[in-house]
Amino acid sequence: MLTGCSASLTGDSMRETVLSDPARCTGCGACQSVCPRQAISMKSDEEGFLYPQVNGELCVGCDLCEKRCPSGKMERREVPQMRGGCIKDTEIRLKSSSGGIFTALAVHMLRQGGVVFGTVMSESLTAEIVGIFSEEALSGIRGSKYVQSQSADAIRNAADLVKRGIPVLFSGTPCQVAGLYAALNGNVPGNLLTVDFVCHGTPSPGVFESYIRELERRHSSRAVSFAFRDKHLGWKNFSTMAVFEDGSTETGTQTTDPFLRGFLQNLYLRPSCYECNLRYDTLPADLTIADLWGAEQICPERDDDSGLSLMLIHTPAGRAWLEACTDLDTFPIESAEPFKRVNPSLFGPSTPHKKRAKFFKLYRKHGFSFDDIDHLLAPPGRLERTGEWIVHVPSAVVRRLGLKRA
Ligand SMILES: Cc1cc2nc3c(=O)[nH]c(=O)nc-3n(C[C@H](O)[C@H](O)[C@H](O)COP(=O)(O)OP(=O)(O)OC[C@H]3O[C@@H](n4cnc5c(N)ncnc54)[C@H](O)[C@@H]3O)c2cc1C
Ligand code: SF4
Ligand code: SF4
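Residues numbered from 1 in each chain as written. Chains lettered and ligands numbered in written order. Predicted model: local features only at pLDDT ≥ 70, side-chain atom pairs only at ≥ 80, totals over all residues. Heavy atoms only, no water.

**Re the overall build of the protein chain**
As a reminder of what qualifies: The secondary structure listing takes helices from DSSP runs of H or I that are at least 4 residues long and strands from runs of E that are at least 2 residues long, numbered from the N terminus. Radius of gyration here is computed from C-alpha atoms only, and the compact-globule reference equals 2.2 Å multiplied by the residue count raised to the power 0.38. Here, two residues are considered to be in contact whenever any of their heavy atoms come within 4.5 Å of each other. Positive charges are assigned to Lys and Arg, negative charges to Asp and Glu, while His and the chain termini are left out of the count. By convention, charge coordinates are those of NZ in Lys, CZ in Arg, CG in Asp, or CD in Glu.
What the protein chain contains, in helices and strands, is 16 helices and 13 strands. In terms of overall dimensions, the protein chain is globule-like: its C-alpha atoms have a radius of gyration of 22 Å, near the 22 Å expected for 406 residues. Taking as baseline every contact in the protein chain between residues at least 6 positions apart, the subset at least 24 positions apart corresponds to 66%. Within the protein chain, the 47 negative side-chain charges are centred at a point lying 7 Å from the centre of the 46 positive side-chain charges.

Rendered as structure tokens:
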């Protein structure tokens, strides 16, 4: 039986699971990579997220998995330096989610003979972190995939390469980067550069897969690719683009694509994302990249809606790497204040949508449904607004008015 990562040790002190509270597990997979007996595997729960499961027959009870788990162990660092900017190559910039900073950092690593780890969509449209060795392979890991990527194998492989002295750039969510440092037992080797991003939270891979199946049913054709941040309508009005085997396509925007709408309204983010404290001065990487939302006010002279990135520099190694990338056009950003409003994920986690539980009840029953999304995300009607009002009114007043609670 899959029990998520709720803690428990059997009578023989053999472990069945890693953490006592499943909601704290980010699914990074570091525990799997440090287990000396290969006793841990990642299994999907009923919301479609991966959690570690321990094979009690292989476990020797050494507790390394729990000791190394990075969940909740954040470190406050110096206030990061900030820059805005983009890659000079317009074609790459338009293919990137924001200003294409990641590509510039990655090219520099590949030209030094290093390995770059980033997230691809596999042929079956599963998101996974992989290591690449050539500039030709960069297009696969460029661009945001708004679904949680599998990272356990990548963390193990990246840690192995780093220990062998090979230069590595590892890019992932802040919690995946924390997972890599956990696998390295907190060591910060000189041949490793890490890049994370300001993170809104990651949607369920199971929900995304179900959404793709629904698209395929509607098109009677297999989906062969899916882009989350197509810029054909501009950087700010980003859109999705699904391509099917029969040549047909389906596009949507932040307000029309059902999956994107649910993501942006926090309907199916991972439980740990709603508690995540990896923000601003607690982000674990050398460099953090993000969209420079608010560019039209912060630097209107540079904003042509092709995409601009915000960069947070946390370490001297990160600063040196950025300075070595000569194909970037960057400028200083003096204050983080505007981002509190325009990019709140820089400072705090997303709040769960109040209909999250209802969504998953329906999802467990019949998978992803466009109608459910329309229904759950519709603005509240009069009846619902009255219900909400009643919930927030003291019981005595409700009784006096002769009303019933919703
Ligand atoms: C789930 C998610 C939530 C985000 N939330 C915010 C936010 O709230 N505010 C904000 O400003 N920016 C957010 N971003 C970052 C933003 O979308 C851009 O990735 C960032 O601006 C860098 O863009 P770029 O043009 O420099 O590079 P890009 O070429 O777009 O590179 C993006 C990098 O992210 C990696 N990546 C893509 N998808 C994933 C994934 N699922 N898991 C791990 N790594 C991945 C890629 O491998 C690549 O290294 C988020 C990204 C993701 C994936
Ligand atoms: S190491 Fe990562 S996957 Fe393992 S229990 Fe901790 S947070 Fe979860
Ligand atoms: S919000 Fe935090 S826990 Fe969730 S994916 Fe991002 S970094 Fe990880």
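**What to know about the environment of Ile 212**
Checked against the element boundaries, Ile 212 lands in helix α8 (residues 205-219). The spacing of Ile 212 and Gly 348 is 136 residues in sequence and 30 Å in space, taken between C-alpha atoms. Aside from chain neighbours lying at most four places away, what touches Ile 212 is Leu 125, Ala 223 and Phe 226.

**Comments concerning the site of ligand 2**
The condition is simple: Definition of nearness: a residue and a molecule or strand are near each other if at least one heavy atom of the residue lies within 4 Å of the molecule or strand. Residue polarity is assigned by list, with Asp, Glu, Lys and Arg as charged and Ala, Val, Leu, Ile, Met, Phe, Trp, Tyr, Cys and Pro as nonpolar; anything else, Gly included, falls into the polar class.
As a matter of local geometry, ligand 2 sits amid Val 18, Leu 19, Cys 25, Thr 26, Gly 27, Cys 28, Gly 29, Ala 30, Cys 31, Pro 52, Cys 69 and Pro 70. When the residues that make up the shell around ligand 2 are grouped by side-chain class, the tally is 9 nonpolar, 3 polar and no charged.

**So, the pairing of strand β2 (residues 50-54)**
The condition is simple: Burial here depends on accessible area, computed with a 1.4 Å probe over protein chains only, as a share of the maximum for the residue type. Under 20% is buried, over 50% is exposed, and the range in between is partly exposed. Note on pairing: two strands pair once DSSP finds at least 2 bridges between them.
The buried count for β2 comes to 4 of 5 residues, which makes it a mostly enclosed element. With 5 bridges joining them, strand β1 (residues 40-44) and β2 adopt antiparallel strand pairing. The residue bridging Ser 41 from the neighbouring strand is Gln 53, located in β2. Here β1 folds back onto β2 in antiparallel fashion, the turn holding 5 residues, of which Gly 48 has a positive phi close to 90 degrees.

**Considerations on the domain arrangement of the protein chain**
Stated precisely, the cut-off is as follows: What fixes the domain bounds is an automatic or database domain assignment.
Partitioning the protein chain into domains gives domain 1 (1-69), domain 2 (75-368) and domain 3 (380-406). Distance between the C-alpha centres of domain 2 and domain 3: 42 Å.

**Points about the packing of helix α4 (residues 101-111) against helix α11 (residues 316-324)**
Test applied: Interaxial angles span 0 to 180 degrees and are taken between N-to-C directions of axes, which are lines fitted to C-alpha atoms, for helices over the stretch in contact. Any angle between 65 and 115 degrees counts as roughly perpendicular, while under 35 counts as roughly parallel, over 145 as roughly antiparallel, and the rest as oblique.
The geometry of α4 relative to α11 is characterised by a closest axis approach of 9 Å and an angle of 90 degrees between their N-to-C directions. By the angle between their directions, the pair α4 and α11 is classed as roughly perpendicular. From α4, Ile 101, Leu 105, His 108 and Met 109 reach across to α11, where they touch Trp 321, Leu 322 and Ala 324. Tallied by class, residues from the contact of α4 with α11 come to 6 nonpolar, 1 polar and no charged.

**Notes on the site of ligand 3**
Taken together, Thr 26, Pro 174, Cys 175, Cys 199, Gly 201, Thr 202, Ser 272, Cys 273, Cys 276 and Arg 279 form the complete shell of residues around ligand 3. A breakdown of the residues in the shell around ligand 3 according to their chemical character gives 5 nonpolar, 4 polar and 1 charged.

**Looking at the packing of aromatic side chains**
Filter applied, for reference: Think of it this way: a Phe, Tyr or Trp ring, Trp meaning its six-membered ring, pairs with another when their centres are within 6.5 Å, and the plane angle makes it stacked under 30 degrees, edge-to-face over 60, tilted otherwise. In this scheme, Lys NZ or Arg CZ marks a charge over a ring once it lies within 6 Å of the ring centre and within 35 degrees of the ring normal.
Throughout the structure, instances matching the rule amount to 26 aromatic pairs. When the centroid spacing of 6.4 Å and the interplanar angle of 50 degrees are considered together, the rings of Tyr 146 and Phe 238 count as tilted. Here Tyr 146, found in the loop between α5 (138-141) and α6 (152-163), pairs with Phe 238, found in the loop between β8 (223-230) and β9 (239-244); they are 92 residues apart in sequence, far enough to count as distant. The pair formed by Tyr 146 and Phe 238 is uniform in burial state, with each residue classed as buried. A ring pair is formed by Phe 368 and Phe 370, whose centres lie 6.1 Å apart and whose planes are at 85 degrees; its orientation type is edge-to-face. Comparing Phe 368 with Phe 370 shows no difference in burial state: the two are buried. Above the face of the Tyr 51 ring, Arg 270 is positioned so that its terminal group lies 4.3 Å from the ring centre. Between Lys 340 and the ring centre of Phe 347, over which it is positioned, the NZ or CZ distance is 5.6 Å.

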